[in-house]
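Observations on chain architecture
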Amino acid sequence: MLQRKLKFDKEEFKKAVIGNSKLLYRKNLDEATKQQRFQCVAYAVKDLIMDRWIATHKQYDKEDPKIVYYMSMEFLMGRALGNNMINLMQYDEIKKALEELGLDINEIEDQEPDPALGNGGLGRLAACFLDSLATLEYPSYGCGIRYRYGMFKQEIKDGYQIETPDDWLRDGYPFEIKRPEYRYEVKFGGYVRIEKDEKTGRENFIQQDYRSVIAVPYDLPILGYGNNTVNSLRIWDAEPVVKFNLNSFDKGDYQKAIEEENLAKNLVEVLYPNDNHYAGKELRLKQQYFFVSASVQRAVDRYKSMHNGDVSKLYEKVTFQLNDTHPTVTVAELMRILMDENGLDWDQAWDITSKTVAYTNHTIMSEALEKWPIELFSRLLPRIYQIVEEINRRFIEEIKAKYPGDQEKIRKMAIIYDGQVKMAHLAICAGYSVNGVAKLHTEILKKQELKDFYEMMPEKFNNKTNGITQRRFLLHGNPLLAEWITDKIGDGWITDLKQIDKLSLYVDDLKAQQEFMNIKYKNKVRLAKYIKENNGIEVDPNSIFDVQVKRLHEYKRQLLNILHVMYLYNKLKTDPTYDMTPRTFIFGAKAAAGYRIAKQTIKLINNVADVINNDESIRGKIKVVFIENYRVSNGEIIFAAADVSEQISTASKEASGTGNMKFMLNGAITLGTMDGANVEIVQEVGEENAVIFGLSSDEVIKYENEGGYDPMEIFNNDQDVREVLMELINGKYSDDDPEEFRDIYNSLLNFKDGRRADTYFILKDFKSYAKAQEEIDRRYKDKKGWAKSVMLNTAKSGKFSSDRTIEEYVKDIWKLKKVHVELK
Ligand code: NBG
């Protein structure tokens, strides 16, 4: 039900922009800095949002619908201005108004810092989900943390990654609003005193000698596309309980005041920059409890205010979705609030909690599974720990009843075991739903990682294959293609991506092919310009743009990609007539600050780029580019320009991937393993329109369980592989320090610290990858065949809209109803 073309008064809008300049900066618009002009425009756009935002929440208060609270440590939102203009369906009108004011929309959009409150796929998925929820008119809140510093900015100096702080709030963020009226206290530490109520015999649990902070929410508007729904992303800031005053001779607890001031300051200071890896730091657990406690307190209060203070049917109107294990303390916090603050007994509280909380698993990487030492957990969250202990005790009773005498089951499934609290086990035990994020991933969870849980409670398990929002990653990121598609099939695809399949009719049409490839070419020119401006490297838009952008992780195998580039370079050097279409290998990736081998891989890519890009003898047949500071905003430009999408993780390791979908949507061919959602991409587009290589996940898992893989054998017998590996340590790519890449070399050949040599089967898959790359070259030479293939990728991407994913969550898990918002 699209509210086509809401009224837009251009003159009013222009006046607002000019007015904002005076109001905010005491300047005429032409005197304002670029950043200030962005702010003026953003505030004018925010103004267009406010009435809808108010109307939405009025409607929610009136209808009292069920609400999903999407609990996530990360929301990788990307820039809001352009997206808001699009979802208001007023992009072109606003662009025009700005032109009349002498402002260029692209320049204005470029002034906005990317709100980067996330690491990678998990955080971006949360952002796509919020977009879809609002577009589909489902009531929802995103609940998270207002990190003072988001994901670090990456600079490359001498080929090394340098991290600099992301001061995204420096100039003020125009779209947020502070909501001090919804502040909550969150308590840490101390001990629990038990008080027996003589009259009722009930035991009351009272936390004492704690330190606390005040959680203050900021709301960001989440606009539905073409409707009046504006949901909220609620991110919490921490403030000290009492503002500490040095001059006061207050007899209050001086020490405590300082500690609380520091607690508040440190708590939300920075996002942990780890992807698929947990650091186990005390501050991280504090962050988790902080935003969970505030969000749950608020959700329960809101519910109570609408139900005469009675919480007994909470699950009818509230559901918490846990985005990975990070917010799992939600389970115990909800129990605490229901029992300690609302007087429910254990069974009532458990009944409600276990109907209210659901859990999504996003990885099988063991280093990502959160486990907290009992000592730390119980010291920081004494009351929460008591509750977890009791959940664990009862759960073990259940296991015993189901599997009498089976100690092994208890060892494998207990929530508390071996001195540790296992967050995934708590989430599964308490949750009413457990889902993986792609078919293959969910199957691996059921058959391997979570086998015991699946056998005990199969009814909880389900799959929800990830998706992405086509509004940001096509309509905003690739306007040329978006317009062309709308021209051909109408604009239904914007809210119903299945319709994009209508493009299939055009894939053999020569004129359409030409138009499509011409748009691809223009997008490549746009990216080439970006690369020239930001990296100083000249690339040829006529070469194949072969792209791998994602977080740097060994399992994602950027190393396989660059080793293959080294191999290809050798091949060209020995045979200068080697016939290949010129190729530009484009990388973009941040490495976690403390991840040594990942950082070495970045250095390797840059050094290889240096050597190859400066070797004139190969006449530009290979170029290697490392794009600095890969993030959502430059990602949009990159996806639009790619010919080849590198999705080359070791099979079984990538839970889903979502970059793969963004490339597909924008007309690139997947070069990948049968991993994560690649499997479903191939299923949709057909094997002949993707290039697949490497071990299957079954093969990988078999080697992992039974052994039998020896990379040394490949090293000894395969001359090409041997040559490339020797180049890691002979100074060819690091003449000032031949030892620079020794760790990488060792990781491929030597067993170390309990880690198998070549843990991620890079050498094993090398030859098959090289063949697949030749296949890409071969297919690209057939211009028509290639055009047809990439068009089919776009046409068959309908399944991968996050709108489809959200409809599945709604139907199978959350059971929400749409709320339509009218604007008076
Ligand atoms: C990531 C997976 C990706 C997946 C996203 C979103 C974590 C823990 N997991 O494969 O690695 O696409 O989650 O589900 O970041």
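In the block above lies the structure referred to throughout.
So, here's what we can say about the structure. Note that the structure is a prediction, hence the values are computed from the model and not measured. (Residues numbered from 1 in each chain as written. Predicted model: local features only at pLDDT ≥ 70, side-chain atom pairs only at ≥ 80, totals over all residues. Heavy atoms only, no water.)

**With respect to the site of the ligand**
This is how it is decided: What makes a residue near a molecule or strand is one non-hydrogen atom of that residue sitting within 4 Å of it. Each polar contact in these results corresponds to two N or O atoms within 3.5 Å; when the atoms are within protein, one needs to be able to donate a hydrogen and the other to accept it, and residues that are neighboring in sequence are counted only if both atoms are side-chain atoms. The method behind every accessible area is Shrake-Rupley, applied with a 1.4 Å probe, and residues are considered shielded solely by the protein chains displayed.
Lining the immediate environment of the ligand, one finds 15 residues, of which N276, H362, N466, E654 and G657 sit closest. A distance of 2.6 Å is found between an oxygen atom of the ligand and a side-chain nitrogen or oxygen belonging to H362. In the environment of the ligand, an oxygen atom lies 2.6 Å from a nitrogen or oxygen atom belonging to the side chain of E654. Coverage of the ligand by the protein amounts to 95% of the 380 Å² it exposes when considered alone.

**What to know about the sheet that holds strand β25 (residues 691-692)**
The condition is simple: By this definition, two strands are paired if DSSP reports at least two bridges between them. In this text, helices come from DSSP runs of H or I with a minimum length of four residues, and strands from runs of E with a minimum of two, each type numbered from the N-terminal end. Residue contacts are defined here by distance: any two heavy atoms, one from each residue, within 4.5 Å place the two residues in contact. Fitted lines through C-alpha atoms serve as axes, helices being fitted only where they are in contact, and the angles separating the N-to-C directions of these axes extend from 0 to 180 degrees.
One open sheet holds the six strands; their spatial order is β22-β21-β20-β23-β24-β25, and the pairing between them is parallel. Both edges of this open sheet fall to β22 (622-626) and β25, since each of them pairs with a single strand only. As judged from the two bridges shared by strand β24 (residues 669-672) and β25, these two strands associate in the parallel manner. Bridge pairing in β25 links G672 to I692. Against the sheet, helix α19 (residues 510-535) makes contact with β20 (544-549), β21 (583-588) and β22, and its axis sits at roughly 60 degrees relative to β20, the strand it touches most.

**Brief notes about the layout of surface pockets**
Stated precisely, the cut-off is as follows: Definitions used throughout: a 1 Å grid over protein atoms alone; a cavity as a set of points that fits a 1.4 Å probe which cannot get out; a pocket as an open set with protein on both sides within 12 Å along at least five of seven lines; a lining residue as one with an atom within 4 Å of a point. Grid points are joined across faces, edges and corners, and a volume is the space filled by probe spheres set on the points. The classification used treats Ala, Val, Leu, Ile, Met, Phe, Trp, Tyr, Cys and Pro as nonpolar, Asp, Glu, Lys and Arg as charged, and all other residues, Gly among them, as polar.
In this structure, the largest pocket occupies an estimated 1,500 Å³ of space. If you tally residues by element for the lining of the largest pocket, the top one is α19, at seven residues. A breakdown of the residues in the lining of the largest pocket according to their chemical character gives twelve nonpolar, eleven polar and 20 charged.

**Observations regarding helix α7 (residues 254-267)**
Our working rule: Multiply 1.5 Å by the residue count of a helix minus one, and that product is the helix's expected span. A simple rule labels every residue: compare its accessible area, found with a 1.4 Å probe on the protein chains alone, to the largest value its type can have, and call it buried under 20%, exposed over 50%, or partly exposed in between. By arc we mean the arc of the directions from the helix axis to the C-beta atoms, nothing more.
Here α7 spans 20 Å end to end across 14 residues, near enough to the 20 Å set by a 1.5 Å rise per residue. Those residues of α7 that fall on the buried side of the exposure criterion are A257, E260, L263, A264 and L267. An end-on view of α7 places all buried positions within 125 degrees of arc, on one side of the element. For α7, exposure combined with an orientation more than 90 degrees from the buried face picks out Y254 and K265. Those residues of α7 that are buried are in contact with β8 (184-188), β11 (211-223), β12 (230-240) and α8 (282-306).

**A closer look at the environment of L527**
You can see L527 is positioned in helix α19. Separated by 114 residues in the primary sequence, L527 and A641 place their C-alpha atoms 6.5 Å from one another. Non-local contacts of L527, meaning those with residues more than four positions away in its chain, are made with F545, I586, I627, I637, I638 and A641.

**Topic: the nonpolar core**
As a reminder, the rule being used: Only buried Ala, Val, Leu, Ile, Met, Phe, Trp, Tyr and Cys residues count toward a nonpolar core, and they belong to the same one when joined by side-chain atoms within 4.5 Å.
F290, F377, I622 and L728 are the most contacted members of the largest nonpolar core, which totals 267 residues. Excluding residues within four positions of it along the chain, L728 makes contact with L563, M566, L604, P738, F741, I744, Y745 and L748.

**Considering the packing of aromatic side chains**
Put simply, the rule reads: Each aromatic pair joins two rings of Phe, Tyr and Trp (for Trp, the six-membered one) with centres within 6.5 Å, and gets the label stacked for planes under 30 degrees apart, edge-to-face for over 60, and tilted for any other angle.
Counting across every chain of the model gives 24 aromatic pairs. Relative to F516, the ring of W484 lies with its centre 5.6 Å away and its plane at 80 degrees, an arrangement referred to as edge-to-face. You can see W484 sitting in helix α18 (residues 479-489) and its partner F516 sitting in helix α19, a full 32 residues away along the chain. By the burial criterion, W484 is buried, and F516 matches it. Ring geometry for Y780 and W786: centres 4.9 Å apart, planes at 70 degrees, overall edge-to-face. In this pair, the class of Y780 matches that of W786, namely buried.

**Observations regarding helix α14 (residues 423-430)**
Counting buried positions over the eight residues of α14 gives eight, a clear majority of the element. Of all the residues in α14, the buried ones are M423, A424, H425, L426, A427, I428, C429 and A430.

**Quick notes on the pattern of salt bridges**
Our working definition: The term salt bridge refers to a side-chain nitrogen of Lys or Arg lying within 4 Å of a carboxyl oxygen of Asp or Glu.
Going through the model one piece at a time under the given rule, you end up with 72 salt bridges. The salt bridge involving D347 is made with R394; its shortest N-O contact spans 3.3 Å. Highlighted residues: D347 in helix α10 (residues 346-353) and R394 in helix α12 (residues 382-402), separated in sequence by 47 residues. In this structure R394 comes out as partly exposed when scored by relative accessible area, which is 31%. It is possible to trace a salt-bridge network through shared partners that takes in K10, E11, K14, K96 and E100.

**Considerations on the packing of α8 against helix α9 (residues 330-341)**
Filter applied, for reference: Any angle from 65 to 115 degrees is called roughly perpendicular, while one under 35 is roughly parallel, one over 145 is roughly antiparallel, and all others are oblique. Each helix crossing is assigned a hand: it is left-handed if the near helix lies turned anticlockwise from the far helix by less than a right angle, otherwise right-handed if that turn is clockwise.
Direction vectors running N to C along α8 and α9 enclose 45 degrees, while the axes themselves pass 10 Å from each other. With respect to α9, the element α8 is oriented oblique. Crossing of α8 over α9 shows right-handed handedness. Contacts between α8 and α9 pair Y289, V292, S293, V296, Q297 and V300 from the former with T330, E333, L334, R336 and I337 from the latter. When grouped by side-chain class, the residues that make up the contact of α8 with α9 number six nonpolar, three polar and two charged.

**Let's talk about a nonpolar patch on the surface**
Note the cut-off: Grouping into patches uses exposed residues only, defined as over 30% relative accessible area, and leaves out salt-bridged ones; the cut-off is 9 Å for like charges and 5 Å for nonpolar side chains (Val, Leu, Ile, Met, Phe, Trp, Tyr).
A cluster of nonpolar side chains, namely L23, L24 and Y43, defines an oily patch on the protein surface of about 300 Å² accessible area. As for its position among the elements, Y43 is in helix α2 (residues 34-63).

**Topic: the sheet that holds strand β15 (residues 371-373)**
Ordered in space as β15-β17-β16, the three strands form an open sheet in which the pairing is antiparallel. The sheet is open, and its two borders are formed by β15 and β16 (416-417), each paired with just one other strand. The pairing of β15 with strand β17 (residues 420-422) spans three bridges and is antiparallel. Residue pairing in the sheet places K371 in a bridge with K422 of β17.

Any link to function would need more than the numbers given here.
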